[in-house]
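What follows is each chain in one-letter form.
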Amino acid sequence: MLLSEQAYREIDRAIAKYPADQKQSAVMAALTVAQDEKGWVSPEVIRDVAAYLGMPPIAVQECATFYNMYNTQKVGKYTLTICTNLPCALQGGVKAAEYLKQKLGVGFHETTEDGLFTVIEGECMGACGDAPVVIANGKHMCCRMQPEKIDALIAALKEQESA
């Protein structure tokens, strides 16, 4: 077992939402719980989730690699996913992405030397009216991300790190 007891309890709550013979339906919830705890879904975590759900590891791997919300490579403590699809691009998404990469000194899918930040180019986040959009750690949507708001987000995350 690679995850904490609390993580398995959360997975059990997800499993309980499905018929007893269909617990594999909780695979996305289980991967989310595992990623929240470990920061990414390593091959070992994928095998552990598969064993826990009674699934072949390849089936869990397929899920983890199909959906872009799962990190199958090690990432920084904070992931910053920025939308560059056309609606966001037309509202400054590409410029915001370039600013973010320049500010942190990394490219897309790269992690800062201190291990804090990974910048990811994302697909549509369903908030075109609030473009450009950044999602921090796959959970917190940040809207209208102009340079000053990007600076404030990075500063807040760094402050949170030192607190």
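Everything that follows concerns the structure shown earlier in this document.
Quantities reported herein were computed from a predicted structural model and do not represent experimental measurements. (Residues numbered from 1 in each chain as written. Predicted model: local features only at pLDDT ≥ 70, side-chain atom pairs only at ≥ 80, totals over all residues. Heavy atoms only, no water.)

## Re the packing of aromatic side chains
Given two aromatic rings, one states the distance between the centres and the angle between the planes to describe the pair. For the structure shown, the criterion picks out three aromatic pairs. Note on Phe-66 and Tyr-67: the rings are 4.8 Å apart at their centroids and 85° apart in plane angle, and the pair reads as edge-to-face. Residue class for Tyr-67 comes out partly exposed when judged on its relative accessible area of 32%. Seen from their ring centres, Tyr-78 and Phe-117 are 5.7 Å apart, and the 35° between their planes marks the pair as tilted. With Tyr-78 in strand 1 (residues 78–83) and Phe-117 in strand 3 (residues 117–122), the pair connects residues that are 39 residues apart, well separated along the chain. As far as burial versus exposure is concerned, Tyr-78 and Phe-117 are alike and both buried. (Phe/Tyr/Trp six-rings, centres within 6.5 Å; stacked < 30°, edge-to-face > 60°. Buried < 20%, exposed > 50% of the residue type's maximum accessible area, 1.4 Å probe, protein only. Helix = DSSP H or I, 4+ residues; strand = E, 2+ residues; numbered from the N terminus.)

## Section: the sheet that holds strand 2 (residues 110–111)
Reading across the sheet, the five strands line up as 2-3-1-4-5 and stay open at both edges, with mixed pairing between neighbours. Whereas interior strands pair on both sides, the edge strands pair on one side only; in this sheet they are strand 2 and strand 5 (140–142). By the bridge criterion, two bridges tie strand 2 to strand 3 in an arrangement that is antiparallel. For Thr-111, the partnering residue across the bridge sits in strand 3 and is Thr-118. Helix 7 (residues 147–162) contacts strand 1, strand 3, strand 4 (134–136) and strand 5 of the sheet and is inclined by roughly 165° relative to strand 1. (Pairing = 2+ DSSP bridges. Contact = heavy atoms within 4.5 Å. Axes fitted to C-alpha atoms, helices over the stretch in contact; angles between N-to-C directions.)

## Considering unusual backbone geometry
The omega angle of the peptide bond from Ala-131 to Pro-132 is -10°, so this bond is cis rather than trans. As for its position among the elements, Pro-132 is in the loop between strand 3 and strand 4. Phi at His-109 takes a positive value of approximately 65°, unusual for a residue other than glycine. Residue placement: His-109 occurs in the loop between helix 6 (93–104) and strand 2.

## Thoughts on the pattern of salt bridges
Side-chain pairs of opposite charge can arise whenever the charged atoms involved come near each other. Using the criterion set out here, one finds seven salt bridges in the structure. Across the pair Arg-9 and Glu-5 runs a salt bridge, and its minimum N-O distance is 3.9 Å. Of this pair, Arg-9 and Glu-5 both sit in helix 1 (residues 5–15), four residues apart, which is roughly one turn of that helix. Among the residues examined, Glu-5 registers a relative accessible area of 64% and is labelled exposed. (Salt bridge = Lys/Arg side-chain N within 4 Å of Asp/Glu carboxyl O.)

## As for helix 7
An α-helix turns once per 3.6 residues; consequently, residues spaced three or four apart project the same way. Compared with an ideal rise of 1.5 Å per residue, which puts 16 residues at 22 Å, helix 7 spans 23 Å between its outermost C-alpha atoms and is within 8% of the ideal. Packing partners of the buried residues in helix 7 comprise strand 1, helix 6, strand 3, strand 4 and strand 5. (Expected span 1.5 Å × (residues − 1).)

## Regarding the packing of helix 1 against helix 2 (residues 27–38)
Interaxial distance between helix 1 and helix 2 falls to 9 Å at its minimum, and their mutual angle equals 160°. Put simply, helix 1 runs roughly antiparallel to helix 2. For the element pair helix 1 and helix 2, the recorded crossing hand is right-handed. Residue-level inspection shows Ala-7, Glu-10, Ile-11 and Ala-14 of helix 1 in contact with helix 2, the latter providing Ala-29, Ala-30, Val-33 and Glu-37. Taken together, the residues of the contact of helix 1 with helix 2 break down into six nonpolar, no polar and two charged. (Parallel < 35°, antiparallel > 145°, perpendicular 65-115°, else oblique. Left-handed = near helix turned anticlockwise from the far one by under 90°. Nonpolar A, V, L, I, M, F, W, Y, C, P; charged D, E, K, R; others polar.)

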